[in-house]
Amino acid sequence: MLNVNNIYEEDYILEFLEKRNLISQYKKSKQNILNWVYSWNKLWYKEPKKSWILYFRINKQFRALCRFDWDNLIVFNIDNHQN
């Protein structure tokens, strides 16, 4: 299991989420991962696994793509899973 202490975002991520009214859902998912509540939010490796890109669900449509940097996750993109 990965030990995550903090989750940071790139600058444009919060603007992207705000335009789509996903801020509250993103913060809830982020807090669940930080508090080790993995009932709905889990960190998964994106295929191919050797690329070391992780993701977690924001809702059924959007995924937050991130990379692991020591004890921190850095969100670098939001993926529209359905398109």
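Heads up: these notes are all about the structure in this document. (Residues numbered from 1 in each chain as written. Predicted model: local features only at pLDDT ≥ 70, side-chain atom pairs only at ≥ 80, totals over all residues. Heavy atoms only, no water.)

**Points about the pattern of salt bridges**
Phase 1 of the analysis: All told, the structure shown has two salt bridges when counted by the stated rule.
Phase 2 of the analysis: Between K30 and E9 there is a salt bridge, with its nearest N and O atoms 2.8 Å apart. Of this pair, K30 sits in helix 2 (residues 23-34) while E9 is found in strand 1 (residues 6-9), placing the two residues 21 residues apart along the sequence.
Phase 3 of the analysis: On the basis of relative accessible area, E9 is assigned to the partly exposed category, the value being 21%.
Phase 4 of the analysis: With its nearest N and O atoms 3.5 Å apart, the salt bridge here joins R67 to E10. Here R67, found in strand 4 (residues 62-69), pairs with E10, found in the loop between strand 1 and helix 1 (11-19); they are 57 residues apart in sequence, far enough to count as distant.
Phase 5 of the analysis: R67 sits in the partly exposed class, given a relative accessible area of 37%. (Salt bridge = Lys/Arg side-chain N within 4 Å of Asp/Glu carboxyl O. Helix = DSSP H or I, 4+ residues; strand = E, 2+ residues; numbered from the N terminus. Buried < 20%, exposed > 50% of the residue type's maximum accessible area, 1.4 Å probe, protein only.)

**With respect to the environment of N35**
Phase 1 of the analysis: Along the polypeptide, N35 turns up in the loop between helix 2 and strand 2 (44-45).
Phase 2 of the analysis: Measuring from C-alpha to C-alpha, the distance between N35 and Y45 comes to 20 Å, with 10 residues separating the pair along the chain.

**A word on the environment of E9**
Phase 1 of the analysis: Considering only alpha carbons, one finds E9 and I78, 69 residues apart in sequence, at a separation of 10 Å.
Phase 2 of the analysis: Apart from residues lying up to four places away in sequence, E9 is in contact with Y26, K30 and V75.
Phase 3 of the analysis: Of the polar contacts made by the side chain of E9, one reaches the side chain of Y26; its length is 2.8 Å.
Phase 4 of the analysis: Engagement of the side chain of E9 in a polar contact is seen with the side chain of K30, the distance being 2.8 Å. (Contact = heavy atoms within 4.5 Å. Polar contact = N/O pair within 3.5 Å; in protein donor to acceptor, adjacent residues only side chain to side chain.)

**Remarks on the packing of aromatic side chains**
Phase 1 of the analysis: Counted under the stated rule, the structure contains three aromatic pairs.
Phase 2 of the analysis: A centroid spacing of 6.4 Å and a plane angle of 80 degrees characterise the contact between F16 and F62, whose relative ring orientation is edge-to-face. Here F16 is found in helix 1, whereas its partner F62 is found in strand 4, with 46 residues between them in sequence.
Phase 3 of the analysis: Seen from their ring centres, Y45 and W52 are 5.8 Å apart, and the 80 degrees between their planes marks the pair as edge-to-face.
Phase 4 of the analysis: Overall, the relative accessible area of 58% leaves W52 in the exposed class.
Phase 5 of the analysis: Taking NZ or CZ as reference, R20 lies 3.7 Å from the ring centre of F16, over its face. (Phe/Tyr/Trp six-rings, centres within 6.5 Å; stacked < 30°, edge-to-face > 60°. Lys NZ or Arg CZ within 6 Å of the ring centre and 35° of its normal.)

Honestly, that's just the spatial picture; any functional story needs more than this.
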